[in-house]
Amino acid sequence: MKFLTTNFVRCAIKSCDGAVNSFPLKYSEIELVQEEQDFQPEFILGILPRLDWPAILKVAADLGNTSLPSQLPEIDINDPSNEILLKDLHTLLIETQLVQGKMICENCNHVYHIKDSIPNFLLPPHLAN
Amino acid sequence: MSRPEQLAPAEVFYNETESRKYTNNTRIQHIQAKMTLRALELLNLPKDTANFILDIGCGSGLSGEILTEEGDMWIGMDISPDMLATALDREVEGDLLLADIGNGIPFRAGTFDAVISISAIQWLCNADTSNADPKRRLLRFFNTLYASLKRGGKVAAQFYPMNDNQLDQIQSAAKVAGFQGGVVIDDPESKKNKKYYLVLSAGTPDVQINLEGVVMDAPTKERKLNKKQMKLMETRKDYIQRKKEVMKRRGKSVANDSKFTARKRRPRF
């Protein structure tokens, strides 16, 4: 699972739908892997306005990275120096993969497991809607 | 035609052998690719940017590979672990999620540009366990799907409805969730190649869906006549046959129909 996906997944249980703290999930005992991927600057640019930066900071802190800037940096498409910034974002969002570990919903404390980089969102029958 | 939905739940049916068979069969690969391209054509997404797409029922990633070729980023969801394992072996680019779509799409609001789904949503109409209510599952699916799309986001979902009832069920659930759109039927005359695509949009899209080559076919409603009008329209022969029918139903003995029934008696013999 890419780091990018952590900025979008939330708890699957119906009672957590409206809850504020069901997103982002809390990540613990995560095993990370860096995997090289094609660099698509236009995708990064397109997804930037949709990112929830505070959630990125929180998840990054869960994973042990507290060196990110507290504000989403402004990006001017025409500025060549932004290439480096986009590359950094690419490395963080796309190339960082979560291979093994747990995701916990802070609202209902349900634990979702990540195995072989596939998160398991199947719910037990008593929680299924 | 065999329907896998009637045999076993998806996570059971698509076991190791079935998913390998599914992925390695060139005929299936060909059909899947064709349907994916058609769904993309219907979505009419902007070509110059990389879109963020959700693939529902991604299976082994046959449709996802095409999305990657188109330069889009995608996340796939499937309920069958064996299918996803096959996808991992094939080293697909997109992210994979093991989830039951009937329990909702676990993404926050406004995540995706578009949603694609090939041969998956008809599974929602089945009650595989005693506590599964297809109607509730369909609603939950469409409600969360609506939320996970950005405003103006579009859905193109190819599916195999078992009958008209299922088609109605799916369409009305989508409507209740707030989607606009309908069903596009490709090759409507052919029984074998007939394909249903549910094409929806969440809010008004900036770029309309691509309906090139689609013929609108609204059912023409026949005006129902009342009894009096029916009687006026009736010929003498119709009248006699109707009366005979009524008498037969009442158990009276009625002369058999022949070519002489209700014929005019000519003056000459």
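Residues numbered from 1 in each chain as written. Chains lettered and ligands numbered in written order. Predicted model: local features only at pLDDT ≥ 70, side-chain atom pairs only at ≥ 80, totals over all residues. Heavy atoms only, no water.

### Observations regarding the overall build of chain A
Thought 1: Counting secondary structure elements, chain A contains four helices and four strands.
Thought 2: In sequence order, the secondary structure elements of chain A are arranged as α-β-α-α-α-β-β-β.
Thought 3: Reported as C-alpha extents along the three principal axes, the dimensions of chain A are approximately 55 × 30 × 25 Å.
Thought 4: Within chain A, buried positions represent 45% of all 129 residues. (Helix = DSSP H or I, 4+ residues; strand = E, 2+ residues; numbered from the N terminus. Buried < 20%, exposed > 50% of the residue type's maximum accessible area, 1.4 Å probe, protein only.)

### Here we look at the UniProt feature "domain: Methyltransferase type" (unreviewed entry) in chain B
Thought 1: Under the local residue numbering, the UniProt record ascribes the feature "domain: Methyltransferase type" (unreviewed entry) to residues 54-156 of chain B.
Thought 2: Between the C-alpha atoms that bound residues 54-156 of chain B there is a distance of 11 Å. The span itself is 31% helix and 27% strand. (UniProt positions renumbered as here; feature names shortened; annotations may be inferred.)

### So, the sheet that holds strand β3 (residues 111-115) of chain A
The strands making up a sheet are joined through hydrogen bonds of the backbone, oriented either antiparallel or parallel.
Residue and element names in this part refer to chain A.
Thought 1: The four strands lie next to each other as β1-β2-β3-β4, forming an open sheet whose pairing is antiparallel. Each having just a single partner strand, β1 (26-34) and β4 (118-119) make up the two edges of the open sheet.
Thought 2: The sheet contact formed by strand β2 (residues 96-104) and β3 spans four bridges and is antiparallel. Note that in β3 the partner of Ile 104 across the bridge is Val 111.
Thought 3: Set on the sheet, helix α4 (residues 82-95) makes contact with β1 and β2; between it and β2 the angle comes to about 50 degrees. (Pairing = 2+ DSSP bridges. Contact = heavy atoms within 4.5 Å. Axes fitted to C-alpha atoms, helices over the stretch in contact; angles between N-to-C directions.)

### Brief notes about the packing of aromatic side chains
Thought 1: Scanning the entire structure with this criterion turns up 13 aromatic pairs over all chains.
Thought 2: Relative to Phe112(B), the ring of Phe52(B) has its centre 5.2 Å away and its plane inclined at 40 degrees; by these criteria the two rings are tilted. Here Phe52(B) is found in strand β1 (residues 52-56), whereas its partner Phe112(B) is found in strand β4 (residues 112-118), with 60 residues between them in sequence.
Thought 3: Classification of Phe52(B) as buried rests on a relative accessible area of 1%.
Thought 4: These aromatic residues form a ring-pair network of at least three members: Phe8(A), Phe43(A), Phe52(B), Phe107(B) and Phe112(B). (Phe/Tyr/Trp six-rings, centres within 6.5 Å; stacked < 30°, edge-to-face > 60°.)

### Examining the sheet that holds strand β5 (residues 149-159) of chain B
All names here are of chain B.
Thought 1: The strand order across the open sheet built from seven strands is β3-β2-β1-β4-β5-β7-β6, with neighbouring strands paired in mixed fashion. Edge positions in the sheet fall to β3 (95-98) and β6 (180-186), since each has one partner strand and no second. Averaged over all pairs of adjacent strands, the angle between strand axes in this sheet comes to 15 degrees, irrespective of strand direction.
Thought 2: Sheet topology note: the β1/β4 ladder contains four bridges and is parallel. Bridged to Asp 55 within β4 is Ile 116.
Thought 3: Strands β1, β4, β5 and β7 (195-202) of the sheet are contacted by helix α6 (residues 134-148), whose axis makes an angle of about 135 degrees with β5.

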